[in-house]
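Understanding the architecture of this molecule
Each chain, written out:
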Amino acid sequence: MGSLRSRILAWAGRRYIARQQKRGFDLEKMALLPDSALEPLRRHGLDPVPDLGKLRGEAPISKLDLPFGMNAWLVTGYEEAKAVLGKGAEFSNDFTNLVGNAGVTEDQNPGGLGFADPPVHTRLRKLLTPEFTMRRLSRLTPRIDEIVAGQLDAMAAADGPVDLWEQFALPIPSLTICELLGVSYEDRADFQRLSTARFDLFSGAGASLGAISESLGYLLEIVRKQREQPGDGLLGMLIKEHGDEIDDRELAGLADGILTGGLETTASMLALGALVVLRDEAAFDAVRGDDDSVHRFVEELLRYLTVVQMAFPRFAKQDLDVAGVHISEGDIVLVSLSVADRDPVLGKGDMDRFDPTREPSSHLAFGYGIHRCIGAELGRMELRAAYPALVRRFPNLRLAVQPEELAFRKVSIVYGLDSLPVLVD
């Protein structure tokens, strides 16, 4: 196990450096993509590009220019987004739809739920669902509280400015996922950098997909160890209860999906949410309030930020009409979750404004339909535990730099910050 740990830590260090160089899902250098294709992945601060809101009002389903001969549509309206995401039978997520485009090959398939169609998706999700019920997840509550408290202690002990991303936002979800998966080796905190690099869905960049292949290689070793001696975490439970129904490659794919899907997204939420708290006194007070206030705060924050800006690409399996727009078989449909979640039909008042008193809405921050994020409740648990603890521990929390100095990711599938320097005294 020590050898495996060393290899993971060495790999994690390389991935972390690559992440700092690439600034997350940075597509700025993908010259083959026209500006119109990149617009849904850009923001002005915390807000989607204004032109997208205008587009939503004029044409909630509009034609999008993409290279590689793809006929593509961009969905920006809330109801239209639900219509597309809810049509699991009419649209395909299968990875094979990308094979042959811009150098993507079948062996680069990351596995997991996101790029699978029924019946494979149905079978795998059925295996995972019992592990993500609130009853099963509640066992993690004490551990999540311990993780949050430990990171706050580390922040309090630091001299001078603290990078809230590095010491709070990133380790909380990474250590929680390690606990969930049952990854058992001595220095779990170092596991937090595993699989932070993801791939660009539009360009099919081989280097980015290669990072996923490398991640799967390490996770396969962990799965094989668990196969020999199943632990009490999710991987061990799946092996003990369904070992004959799932092979090692599928298990590694599920683990990779859980790790990457729940790490970068929740970390980005924690960092960006902290920024909202720092700039909005009403938000600061709300998250310091009772459970109902915290619940409203978290749900409104999920809607307002919607850090996963774009859903997995959908490919039309047949000719069909959606909201009066004809989509042909084989067309690719991209759903802008961040813009759809600002649609006025979703609630009362200005939906481009963060309102911590707003009643929770049926937002799309976790997606919708058969591909809705299976770890949604785990993410909520982490956010509800982390924010109140942060502001109660550090009532004088404030930025250590000017707001204009913050480095947001310029073009990204998962929106976020690369650092968030704060003062905690």
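Before any of the text, the structure's been laid out above.
Attention now moves to helix α12 (residues 248-279). When the terminal C-alpha atoms of α12 are compared, their 46 Å separation across 32 residues agrees well with the 46 Å that a helix rising 1.5 Å per residue should span. The N-capping residue of α12, defined by a side-chain oxygen 3.2 Å from the backbone nitrogen of Arg249, is Asp247.

Looking now at the sheet that holds strand β5 (residues 91-92). Here five strands make up an open sheet; going across it, the order is β3-β4-β10-β7-β5 and the pairing mixed. A single partner strand is all that each edge strand has here, and the edge strands are β3 (61-65) and β5. With two bridges connecting them, strand β7 (residues 314-316) and strand β10 (residues 332-335) associate as antiparallel partners. By the bridge assignment, Arg314 is partnered in β10 with Val333. Lying on the sheet, helix α4 (residues 78-85) is in contact with β3, β4 (71-75), β5, β7 and β10; it crosses β10 at an angle near 130 degrees.

For the structure shown, the criterion picks out six aromatic pairs. When the centroid spacing of 4.8 Å and the interplanar angle of 85 degrees are considered together, the rings of Phe115 and Phe312 count as edge-to-face. Note that Phe115 is positioned in the loop between β5 and α5 (120-128) and Phe312 in the loop between α14 (291-305) and β7, a separation of 197 residues in sequence. Take Phe312: its relative accessible area is 35%, and that puts it in the partly exposed class. With a centroid separation of 5.8 Å and an interplanar angle of 5 degrees, the aromatic rings of Phe408 and Tyr415 are classed as stacked. For Phe408, a relative accessible area of 21% corresponds to the partly exposed category. Tyr415 gets classed as buried once you look at its relative accessible area, which sits at 1%. Taken together, Phe297, Tyr304, Phe354 and Tyr387 form an aromatic cluster joined through their ring pairs.

To continue, consider the sheet that holds strand β12 (residues 421-423). Read from one edge of the open sheet, three strands run β6-β12-β11, paired in antiparallel fashion. One side of each edge strand has no neighbouring strand; the edge strands of this open sheet are β6 (162-163) and β11 (398-399). In this structure, β6 lies alongside β12, joined through two bridges in antiparallel fashion. In the sheet register, Asp163 faces β12, and the bridge partner there is Pro421.

Here we take up the environment of Ser328. By secondary structure assignment, the location of Ser328 is in the loop between β9 (325-327) and β10. Considering only alpha carbons, one finds Ser328 and Phe315, 13 residues apart in sequence, at a separation of 9.5 Å. The residues contacting Ser328, other than those within four sequence positions of it, are Ala316, Gln318 and Asp319.

Attention shifts here to the environment of Gly77. Relative to the assigned elements, Gly77 resides in the loop between β4 and α4. For the pair Gly77 and Glu58, spaced 19 residues apart in the sequence, the C-alpha separation amounts to 9.7 Å.

The subject of this paragraph is the pairing of β4. In terms of burial, β4 is largely enclosed, as four of its five residues are buried. Two elements, β3 and β4, share five bridges in a ladder whose sense is antiparallel. Across the sheet, Ile61 pairs through a bridge with Val75, a residue of β4. Pairing between β4 and β10: four bridges, direction parallel. Bridge pairing in β10 links Ala72 to Ile332.

Listed as buried for α5 are His121, Leu124, Arg125, Leu127 and Leu128. Looking down the long axis of α5, one finds its buried residues gathered within 155 degrees of arc, a one-sided arrangement. Packing partners of the buried residues in α5 comprise α11 (234-242) and α12.

Cut-offs applied
Residues numbered from 1 in each chain as written. Predicted model: local features only at pLDDT ≥ 70, side-chain atom pairs only at ≥ 80, totals over all residues. Heavy atoms only, no water. Helix = DSSP H or I, 4+ residues; strand = E, 2+ residues; numbered from the N terminus. Expected span 1.5 Å × (residues − 1). Polar contact = N/O pair within 3.5 Å; in protein donor to acceptor, adjacent residues only side chain to side chain. Pairing = 2+ DSSP bridges. Contact = heavy atoms within 4.5 Å. Axes fitted to C-alpha atoms, helices over the stretch in contact; angles between N-to-C directions. Phe/Tyr/Trp six-rings, centres within 6.5 Å; stacked < 30°, edge-to-face > 60°. Buried < 20%, exposed > 50% of the residue type's maximum accessible area, 1.4 Å probe, protein only. Arc of directions from axis to C-beta.

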